[in-house]
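Architecture at a glance
Each chain, letter by letter, is given below.
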Amino acid sequence: MTSLASLDRTWRNGHRVVAIDGPAASGKSSTAQWVAQDLGYRHVDSGALYRAVTAAALRWAGPPANWDPSTVLDCAQRVTLAPNEGTSFDVWIDGHEASEELRSPEVTSHVAVVAQMQVVRSWVNSRVREVATRFDVVVDGRDMGTAVFPDAELKIFLIADPWERARRRLLQRVQRRPTDAEIAAETELLVRRDAADATQTVQARDAILIDTSALTQEEQVGRIVALARASAAGE
Ligand code: CDP
């Protein structure tokens with residue numbers, strides 16, 4: 001029997017999509033990367049595209065206070081997504097690989113404004129959908145299971161409590177055990193980012209909610225891979 005899911009993916013040339021959404025530092029990108037490796041899919045980080053457009057705007061769109069959507073969209077034309085030798089994509093800005101730049105504090109503090117521009121959202125969504133016509137993908141972001149792939153074969157919404165998210169993000173950044181004061185300061189920043197991103201962070205009705213506060217990386221990856229395999233086997 002032809003299932004609804006396989007009919008839905010004809011526009012993607014039969015390619016599959018696992019969509020992983022959730023708030024900042026919930027572990028989406030690292031989880032998506034591992035899940036893609038285990039499944040033999042490619043990982044697409046939609047947040048990296050928003051960050052790249054922001055980095056380009058910081059260079060070419062003048063002072064952030066004056067950014068207007070059409071100038072920022074012009075900057076987006078300098079951003080490209082190229083499949084790398086591993087199982088993901090590199091983001092290029094104006095012909096240079098830009099991964100390092102994307103995590104700068106300056107980009108992080110301006111990205112929410114850029115991500116609220118509808119023209120930028122449409123541009124990012126088109127890039128991500130285009131990739132899904134060529135590869136099986138694990139995509140991560142805020143609205144992959146709703147705005148971009150309402151027809152994804154599997155949708156996951158990852159959450160974790162803010163303190164734990166802050167602790168993990170710091171661990172990644174400082175490479176040592178963060179102090180409680182550092183975690184408290186980072187938690188405050190994260191809660192502010194959650195508020196700035198609230199409108200675009202949407203849990204799909206058919207998404208599976210996974211709270212990773214007490215899970216190891218291996219456990220959360222294992223659960224999602226098992227769900228993806230079960231969904232593919234059930235078609
Ligand atoms: O990794 P982290 O959670 O810090 O953020 P990210 O995934 O790198 O995304 C950076 C920013 O892009 C977010 O804070 C959102 O403002 C925006 N974003 C979005 O609006 N929609 C997406 N699908 C992905 C990211």
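Cut-off values and rules
- Residues numbered from 1 in each chain as written.
- Predicted model: local features only at pLDDT ≥ 70, side-chain atom pairs only at ≥ 80, totals over all residues.
- Heavy atoms only, no water.
- Buried < 20%, exposed > 50% of the residue type's maximum accessible area, 1.4 Å probe, protein only.
- Helix = DSSP H or I, 4+ residues; strand = E, 2+ residues; numbered from the N terminus.
- Arc of directions from axis to C-beta.
- Contact = heavy atoms within 4.5 Å.
- Pairing = 2+ DSSP bridges.
- Phe/Tyr/Trp six-rings, centres within 6.5 Å; stacked < 30°, edge-to-face > 60°.
- Lys NZ or Arg CZ within 6 Å of the ring centre and 35° of its normal.
- Near = heavy atom within 4 Å.
- Polar contact = N/O pair within 3.5 Å; in protein donor to acceptor, adjacent residues only side chain to side chain.
- Areas by Shrake-Rupley, 256 points an atom, 1.4 Å probe, with all protein chains shown as cover.
- Axes fitted to C-alpha atoms, helices over the stretch in contact; angles between N-to-C directions.
- Core = buried A, V, L, I, M, F, W, Y, C linked by side-chain atoms within 4.5 Å.

All right, on to helix α4 (residues 69-76) then. Those residues of α4 that fall on the buried side of the exposure criterion are Val 72, Cys 75 and Ala 76. All buried residues of α4 project into a common sector of 105° when viewed along the axis, lining one side. Of the surrounding secondary structure, the elements contacted by the buried residues of α4 are α3 (46-60), β3 (79-83), α6 (105-115) and α7 (118-132).

Moving on, we come to the pairing of strand β1 (residues 17-21). With five of its five residues buried, β1 lies for the most part within the structure. Because side chains alternate across β1, one face comprises the buried residues Val 17, Ala 19 and Asp 21, and the other comprises Val 18 and Ile 20, equally buried. Here four bridges tie β1 to strand β7 (residues 154-159), and the two strands are oriented parallel to one another. Among the inter-strand pairings, Val 18 is bridged to a residue of β7, identified as Leu 154.

What follows deals with the packing of aromatic side chains. The full count for this structure, using the stated rule, is two aromatic pairs. Between Trp 11 and Phe 149, the ring centres sit 6.1 Å apart and the planes meet at 15°, which makes this aromatic pair stacked. Here Trp 11, found in the loop between α1 (4-8) and β1, pairs with Phe 149, found in the loop between α8 (144-148) and β7; they are 138 residues apart in sequence, far enough to count as distant. Judged by relative accessible area, Trp 11 falls into the partly exposed class, the value being 34%. Relative to Phe 135, the ring of Phe 89 has its centre 5.6 Å away and its plane inclined at 80°; by these criteria the two rings are edge-to-face. Of the two residues, Phe 89 is situated in strand β4 (residues 89-93) and Phe 135 in the loop between α7 and β6 (137-141); the sequence distance between them amounts to 46 residues. Taking relative accessible area as the criterion, Phe 89 reaches 10% and is therefore assigned buried. Above the face of the Phe 89 ring, Arg 42 is positioned so that its terminal group lies 5.8 Å from the ring centre. The side chain of Arg 78 reaches across the aromatic face of Trp 60, ending 3.9 Å from its centre.

Near the ligand, the surroundings consist of 20 residues, among which Arg 51, Arg 121, Arg 169, Arg 193 and Asp 197 are the closest. Contact between the ligand and Lys 28: an oxygen atom at 3.3 Å from a side-chain N or O atom of the residue. Interatomic distance of 2.6 Å between a side-chain N/O atom of Asp 197 and an oxygen atom of the ligand. When the ligand is considered free in solution it has 520 Å² of accessible area, and contact with the protein chains removes 99% of it. Sorting the residues of the shell around the ligand by element identifies α3, α6 and α10 (180-197) as the ones contributing at least two each. The element contributing the most residues to the shell around the ligand is α3, with four residues.

Spatially, the three strands line up as an open sheet ordered β3-β4-β5, and their pairing is antiparallel. Each having just a single partner strand, β3 and β5 (96-97) make up the two edges of the open sheet. Where β3 lies against β4, five bridges are found, and the strand directions are antiparallel. Opposite Ala 82, over in β4, you have Asp 90 as the bridge partner. Taken strand by strand, α3 contacts β3 and β4, and its axis lies near 15° from that of β4.

Quick look at the nonpolar core now. Counting residues in hydrophobic clusters, the biggest one holds 40 residues, and the most contacted among them are Val 79, Val 128 and Val 139. Contacts of Val 79, omitting those with residues within four sequence positions, involve Leu 49, Ala 52, Val 53, Ala 56, Val 91, Trp 92, Ile 93 and Trp 123. Counting residues in hydrophobic clusters, the runner-up holds 17 residues, among them Val 18, Ala 36, Val 138 and Leu 158.

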